[in-house]
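Structure assessment
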Amino acid sequence: MDADEIKALQAPLKQKYRDDPQSAVVTLRAQSRLGEGITCKVQTGKALVEAGLHPATGGDGLSACSGDMLLEALAACAGVTLRAVATATGIPLRDATITAEGDIDFRGTLAVAKEATVGLQRIRLKFNLESDATKEQLDTLIRLTERYCVVFQTLSKPAEIIVSYGSEKRKVMPSRFYSTALLLLAGWPLRPFAPCRVPTQSLARLERQVTNP
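Residues numbered from 1 in each chain as written. Predicted model: local features only at pLDDT ≥ 70, side-chain atom pairs only at ≥ 80, totals over all residues. Heavy atoms only, no water.

1. Observations concerning the confidence of the model for the chain
Mean pLDDT over the chain works out to 80, with 76% of the residues at or above the 70 mark. Per-element confidence in the chain is highest for helix 4 (residues 135-148), whose mean pLDDT is 96, and lowest for helix 6 (residues 176-185), whose mean pLDDT is 53. (pLDDT = per-residue confidence, 0-100. Helix = DSSP H or I, 4+ residues; strand = E, 2+ residues; numbered from the N terminus.)

Set out below in structure tokens:
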């Protein structure tokens, strides 16, 4: 893809957002679900990733570390933005390697020391560029990459995070089979093939009797 192609691709979108600013506001969404042991399954755009504890906090090293995933997101976003900016501006760029490193003191998340910060304390983002561009062009390339990289800007100017929670309570309706099983466990005499219907309140008493004889 060259500069003309990317401009042609983005031109109608830019015009749409100028005409209707609200249409540019998109809600991104990520979801995870608890897995086996101390793990959490995260659905990405291409695969299901299982995240777990870092070995420094007791993990076995087989699951992805969420801190690593954060840095991976930064490196990926910076790389995509770098390529897009280079293409749009015509700055020659043959190849690039983006490295994201973060320092973390695990005493914080393990509640070992109150003075230790919970989270990454320092993040270093390094671009190793293969290019014949001038220093001025490369300075511009990196500056624009920082400016338009979504993950970089989110980390450097933290977004407001609103936390909420809900609780799913599954209500199981008592069936005749469940009622019969409880009565048998409780030692009640039953007639063969006789229908058995027990009120919900009585079922609760039966459950207590069976589980706490």
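2. Description of helix 1 (residues 3-19)
Between its first and last C-alpha atoms helix 1 spans 24 Å; for 17 residues at 1.5 Å apiece the expected length is 24 Å, and the two agree. Along helix 1, the sharpest change in direction is near 35° and occurs at Gln 10; proline Pro 12 comes one to four residues later. Regarding helix 1, its N-cap is Asp 2, as a side-chain oxygen of that residue lies 3.3 Å from the backbone nitrogen of Asp 4 further along. (Expected span 1.5 Å × (residues − 1). Bend = angle between axes of the 7 residues up to and from the residue. Polar contact = N/O pair within 3.5 Å; in protein donor to acceptor, adjacent residues only side chain to side chain.)

3. Some thoughts on the nonpolar core
Judged by nonpolar contacts, the single largest core of 19 residues is most densely connected at Ala 78, Leu 82, Leu 93, Ile 98, Ala 100, Phe 127 and Leu 141. Those elements that provide at least two residues to this core are helix 2 (66-89), strand 5 (95-104) and helix 4. Among the elements that make up this core, the one with the highest residue count is helix 2 (eight residues). (Core = buried A, V, L, I, M, F, W, Y, C linked by side-chain atoms within 4.5 Å. Buried < 20%, exposed > 50% of the residue type's maximum accessible area, 1.4 Å probe, protein only.)

4. A word on helix 4
Owing to its 3.6 residues per turn, the α-helix brings residues three or four apart onto one side. Spanning 14 residues, helix 4 covers 20 Å between terminal C-alpha atoms, matching the ideal 20 Å at 1.5 Å per step. Taken together, the buried positions of helix 4 are Leu 141, Ile 142, Leu 144 and Thr 145. Buried residues along helix 4 cover an arc of 165° about the axis, so they all sit on one side. Exposed positions of helix 4 whose direction lies more than 90 degrees from the buried face are Lys 135, Glu 136 and Arg 147. Each element contacted by the buried residues of helix 4 is listed here: helix 2 and strand 6 (120-130). (Arc of directions from axis to C-beta. Contact = heavy atoms within 4.5 Å.)

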